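Listed below, chain by chain, are the residues.
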Amino acid sequence: MSEPIIALEHVSKRFVTPLDLAAQAANLFGAGLREVAVQAVDDVSFAVAEGEVVGLAGESGCGKSTLGRIVADILPPSAGTVQFRGKPRDTLEGAAARAAALKVQMIFQDPMASLNPRMRVADIVGEAPVVHGIVTRAERRDYVDSLLARVGLDPRYATRYPHQFSGGQRARIGIARALAVKPDFIVCDESVAALDVSIQAQILNLFMELRRDLKLTYLFISHDLGVVEHLSDRVVIMYLGRVVEIAPTEALFRAPNHPYTRALLANVPRLEAKKQRFAPIAGEIPSPLDPPAGCHFHPRCPFAMARCKAEAPALTEIAPGHRSACHLNAA
Amino acid sequence: MPARFQAEWAPVSRPESAPTHESPVLAVTDLSTAFFTRHGAVRAVDGTSFTVARGEVLGLVGESGSGKTVTGFSILGLVDPPGRIVGGSIRFLGEELVGASEERLRRLRGAKIAMIFQDPMMTLNPVLRIDTQMIEAITAHERVSHRAARERARAALTAVGIASPDERLAAYPHQFSGGMRQRVAIAIALLHRPALLIADEPTTALDVTIQSQILAEVQALCADSGTALIWITHDLAVVAGLADRVAVMYAGRIVEEGPVDAVLAQPLHPYTRGLIGSVPSRNRRGAPLAQIPGMAPSPAALPPGCAFAPRCPRADAVCATAPGMTGHPGNRAARCWHPYALESAA
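### Some thoughts on the pairing of strand β9 (residues 245-250) of chain B
All names here are of chain B. Burial runs high along β9: 6 of the 6 residues are buried. Here β9 shows no split at all, with R245, A247 and M249 on one side and V246, V248 and Y250 on the other all buried. As paired strands, strand β3 (residues 57-61) and β9 are joined by 4 bridges and run parallel to one another. Residue pairing across strands places L58 opposite R245, the latter belonging to β9. Counted between consecutive antiparallel strands, the loop separating β9 from strand β10 (residues 253-259) contains 2 residues, among which A251 sits at a positive phi close to 50°.

Okay, here's the thing in structure tokens:
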């Protein structure tokens, strides 16, 4: 495998809501109120190799978007380091830091929330490359036109505003903006979740074309396992802030190891399925404010043992390239 | 792998000889609903016909703006001005609903015909406790004591898999998770054992494990009570596992209808085929998806003739005339001049 472009080492992210004044005052009198903290990402380590597509899947609140933002350098991790091409990103300074930041771009879920409604498409796409000196002001127009054509938009639309486009076209604008600074690595956070299937297929095809033509590396975040399976080389499954399983896509979908992964896969509706009795796993995802002790999945797990309630399982290799965090593998 | 997860995907025994002679619970014929805007009348639903039998699950599939939700709203008489039903007939248990009085519709809604929405907060009042809302829903249609109504509400919550129903009855909707809220909405919808339940994308906003739980519950409850179910969704994969028959809508019209397995295995209409090809599937990993070029037309400016023709690989001059719904073997129908040939099953 080629050298990793992004490597996460023991990355964690805690969001803390500080106590307000009233609570602080109450604490002076011994109320013992504590800050509310969410461990959104809990000790995550994995690497993404050059040219690879890694799918990051999990349900609401599992921390996949937070992790994506950490990788895209939008959020700083609370602990751990993110290495970009072998160098810890927090040690980079000045021009090197800026260059590293440009090389990792993000495409968001809701293009209407991530595109400035008062800017024309030409400015949305063209602003960053001029600011960063990738093209001169004089070249900007041609550059924007070529980018729009690259993502399948008519360059004549460059003077329009985001609201004049359909959902699929807005997704393309978001992609053009990310490509404008010539990134090597793109974090796609639910970038196709809001689109109709026929439009989603067009955008997924575009992602694959761009990957091939521009030698891009993706971290593809999605709750939709069908999409993840289609696009990814490797898949990371998260549950309540922790990685529960990492495996090559083929292996993960053929032989999922972690009980959560198995349950998740069994519950994905499939076109090939005949009319069936749905056999769901019990319970709901616990609140990330107060995750269960030990293995976070144990209250819903049909195989939970005493050990699972006390001790969080480590992510251990069960086959080449296939790692899973479950005590069953040690038994 | 333990049996527990091995997708208890055992096929549900389906009554092969569905009692077709029995009159359907719902027969929609040539329904058209238009919205009268400044730019003229927009036909959101345009000549839609289908039937649903007792205990049957019909999947109504389409993309945004295809008219699937407006169809559901039309059945319940919930289309608000500037929209109204401009033609066709909706017969529910033999009774004509188009033109029925508001009072009559109010009697039916919630009692004989129920609906669940994508956002359960459309059903639930955020400032009332669950018990207040459920008891109100019961006493609106039946004369029962408060105590009996509460008991029924409690039983209904238990039936949709809500633990500790007594505590939950005294809670407010915001204290529930999204999946729980949807369960409460389903419990309310099924309080009066309706003959027809219309579900408009009720699991779209939910996580897969929760979606699966809701599907399991709705499926079991409808099977037990013989409720006919119309499941409106954009997700063909959900329909594949849930429905008996599927109707695919495009630009306000049903373009294909038939038994769900047959339609998914061998679609007749190019749009259905395109939709199926658009879904990432296990068999075609990494290969480009068979995308449909272009995008759905605005219902305000439909192309003349077949609305799908501008995006269709098989379109030719004939398609300038709108095709009618034609029957095909195997209890199927499609609205296309050039349907894909059915390979005869050996």
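### Comments concerning the sheet that holds strand β1 (residues 26-37) of chain B
Residue and element names in this part refer to chain B. Read from one edge of the open sheet, 4 strands run β2-β1-β4-β5, paired in antiparallel fashion. A single partner strand is all that each edge strand has here, and the edge strands are β2 (40-52) and β5 (95-96). Strand direction decides the pairing type here: β1 and β2, joined by 10 bridges, are antiparallel. Within the sheet, the bridge partner assigned to L31 lies in β2 and is T48.

### Some details on the sheet that holds strand β11 (residues 316-319) of chain A
Residues and elements named next belong to chain A. Strands sit in the order β6-β7-β8-β3-β9-β10-β12-β11 across an open sheet of 8 strands; the sheet is mixed. Single-partner strands in this sheet number two, and they are β6 (104-107) and β11. Here the average twist between neighbouring strands, direction ignored, is 20°. As defined by bridge partners, strand β9 (residues 234-239) adjoins strand β10 (residues 242-248) across 6 bridges and the pair is classed as antiparallel. In the sheet register, V235 faces β10, and the bridge partner there is A247. Lying on the sheet, helix α7 (residues 167-179) is in contact with β6 and β7 (185-189); it crosses β6 at an angle near 170°.

### What to know about the nonpolar core
Looking at soluble globular proteins, one finds that nonpolar side chains tend to be buried together. The biggest cluster of nonpolar side chains holds 191 residues, and the ones touching the most others in it are A:F220, B:L196, B:W231 and B:V239. Split by domain, the residues of this core number at least three in each of domain 1 (23-243) and domain 2 (253-282 + 289-334) of chain B. If we ignore the near neighbours within four places in the chain, the residues touching B:L196 are B:V25, B:L26, B:V52, B:F92, B:K112, B:I113, B:T227 and B:A228.

### Re the packing of helix α8 (residues 197-214) of chain A against helix α10 (residues 270-278) of chain B
A pair of packed helices can be characterised by two numbers: the angle between their axes and the separation between those axes. Interaxial distance between α8(A) and α10(B) falls to 8 Å at its minimum, and their mutual angle equals 50°. Classed by the angle they form, the pair α8(A) and α10(B) counts as oblique. By crossing handedness, the relation of α8(A) to α10(B) is classed as left-handed. The segment α8(A) lies against α10(B), with A:V197, A:S198, A:Q200 and A:A201 engaging B:G274, B:L275 and B:S278.

### As for the environment of B:R335
Residues and elements named next belong to chain B. As for its placement among the helices and strands, R335 is situated in the segment after β12 (332-334). Residue classification places R335 among the buried residues on the basis of 24 C-beta atoms within 10 Å. Taking the C-alpha atoms as reference, R335 lies 8.8 Å from R253; in sequence the two are 82 residues apart. With residues near it in sequence (within four places) discarded, R335 still touches R253, I254, V255, H269, P323, G324 and M325.

Conventions used here
Residues numbered from 1 in each chain as written. Chains lettered and ligands numbered in written order. Predicted model: local features only at pLDDT ≥ 70, side-chain atom pairs only at ≥ 80, totals over all residues. Buried ≥ 20, exposed ≤ 12 C-beta atoms within 10 Å, placed from the backbone. Helix = DSSP H or I, 4+ residues; strand = E, 2+ residues; numbered from the N terminus. Pairing = 2+ DSSP bridges. Axes fitted to C-alpha atoms, helices over the stretch in contact; angles between N-to-C directions. Contact = placed C-beta atoms within 7 Å. Core = buried A, V, L, I, M, F, W, Y, C linked by C-beta atoms within 7 Å. Domains from an automatic or database assignment. Parallel < 35°, antiparallel > 145°, perpendicular 65-115°, else oblique. Left-handed = near helix turned anticlockwise from the far one by under 90°.

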